[in-house]
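A structural walkthrough
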Amino acid sequence: MGNVICYGPATARGARDSESLSLTECSALEAHARDGIKAETDEVYREAYAPIEERIREAVTPGIPATGPNTCFFLHSSVYLAHVQMMLQVIRPNDYVAILNEVRDGYHLPAHLIRLSQCPLPERFEELRRRLTEEKCGRLIWVGPPLYANYAFRLRLAKQQVFWTLRFHGTAPGDINLTAGKRGEKSRTYHGREWRTVHAPFNLDSKAVDLNACERRRGPWPFIYGTLAREQKIMNPQYLDAVCRILEENTDTGFTWAAKRENPAIRRYFRDRGLGNRHKFVGWSDVDEFMNQIDCFLETFPLGGVTTFNAMAHQVPVVALRQEYSPMGSLERVPVGSGLVDDVTGYIDAAVRLRRDVASRGANIKAGEIILASERARAGTDRAAFWRTLATAPKP
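Residues numbered from 1 in each chain as written. Predicted model: local features only at pLDDT ≥ 70, side-chain atom pairs only at ≥ 80, totals over all residues. Heavy atoms only, no water.

**Describing the overall build of the chain**
For the chain, the helix and strand inventory stands at 13 helices and 15 strands. Split into buried and exposed, the 396 residues of the chain put 54% on the buried side. Long-range contacts, defined as pairs at least 24 residues apart, comprise 65% of the intrachain contacts of the chain with a sequence gap of at least 6. (Helix = DSSP H or I, 4+ residues; strand = E, 2+ residues; numbered from the N terminus. Buried < 20%, exposed > 50% of the residue type's maximum accessible area, 1.4 Å probe, protein only. Contact = heavy atoms within 4.5 Å.)

Structure representation (structure tokens):
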């Protein structure tokens, strides 16, 4: 891990009522933003965000940006999901990481860490500006959730400000706005704005776990399908219908699902289909332990996730729908037997076949090994392409 740079309390330089007002509105935004996040749609998020985004532009006066050759990645928290872990694989040893909230034990990234004092948010962002200036970080890359991004970027914290998100494109506050794409793809357009695309390396490590403990936590069925995702993804009616149809086809199987909270609507859905005793909620789980409690991973749709690659790393067969928001679906090509299908009917057929056909399971696991090996071999090229995209972008 790089050097830890810790700073004491800071006072906002020239704090103005307009900044306080806009921050209050930003705080009010948090509740609206959560509605958008729950709905998993740009439209809901943008509807809530647009009026406050405009108000921020009116109320906040830009300051003097940090300049210099170094890059700092901005994170809200030192605890992050697998897709952010994937994004952060582009970090270089001489880069910096600034974390808005308190840094928890167990944090580790191969970069210099900038700790921010837990003072009121306006002062914290001004503290960040000073630290960026001292460390000569002329580029700030905001990773993940867009909450407060418009406010912070309007302050003009760094000469080049980059906004990088995989899911929400309802706001595009950066000089450069990045999103996930296929290798070789240059850009996409969301809400009339151009987003440059990058392919972050799908190179997630797995760790050894207590297999006996995992076995004790398995469900009571001979063969277990499962998924680990936010409950909003699992709650999609098309996805749940596909899971139920798979269980109906294979009567000796069950479905284990891991999420941050148990949505009663999901439990009710299974009960209404007569499958109330065929599913098991296990809460938010360690991904490596979870993959050793199931026999087949069913990626959610229409929004997938990088946990599919965690399943492959543990030699668990996977089924995924080819779609824009599926990391697996973004691959240019996959081996035969991979479990990547083109429609819901194919998804159900593939999952049913994996229960009944041992050869299919073997081919699926082999395909996963090939995919992971290819991704690891190309990780260096993907990282280089990421930095090349930033280097060739128009200067602010």
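**So, the sheet that holds strand β12 (residues 279–281)**
Strand order in this open sheet of 6 strands is β12-β11-β10-β13-β14-β15, and the pairing throughout is parallel. Taken across any chain shown, the strands that pair with only one partner, and hence form the sheet edges, are β12 and β15 (340–341). Relative to strand β13 (residues 296–298), strand β10 (residues 223–228) runs parallel, the two sharing 2 bridges. Pairing of Gly 226 across the sheet is with Phe 297, part of β13. Relative to strand β11 (residues 253–258), helix α8 (residues 237–249) is tilted by about 150°, and along the sheet it contacts β10, β11 and β13. (Pairing = 2+ DSSP bridges. Axes fitted to C-alpha atoms, helices over the stretch in contact; angles between N-to-C directions.)

**Concerning the packing of aromatic side chains**
The final tally for this structure, using the stated rule, is 15 aromatic pairs. Relative to Trp 142, the ring of Phe 74 lies with its centre 4.0 Å away and its plane at 20°, an arrangement referred to as stacked. Of this pair, Phe 74 sits in strand β2 (residues 70–75) while Trp 142 sits in strand β5 (residues 137–143), and the two are 68 residues apart along the sequence. The burial state of Phe 74 is the same as that of Trp 142; both residues are buried. Between Trp 164 and Phe 386, the aromatic rings sit 4.7 Å apart at their centres with planes inclined by 35°, giving tilted as the arrangement. On the criterion of sequence distance, the pair formed by Trp 164 in strand β6 (residues 160–164) and Phe 386 in helix α13 (residues 358–391) is long-range, its members being 222 residues apart. For Phe 386, a relative accessible area of 2% corresponds to the buried category. A connected cluster of aromatic rings, assembled from ring pairs, spans Phe 74, Phe 125, Trp 142, Tyr 151 and Phe 153. Here the basic side chain of Arg 92 rests over the ring of Trp 387, its NZ or CZ set 3.5 Å away from the ring centre. (Phe/Tyr/Trp six-rings, centres within 6.5 Å; stacked < 30°, edge-to-face > 60°. Lys NZ or Arg CZ within 6 Å of the ring centre and 35° of its normal.)

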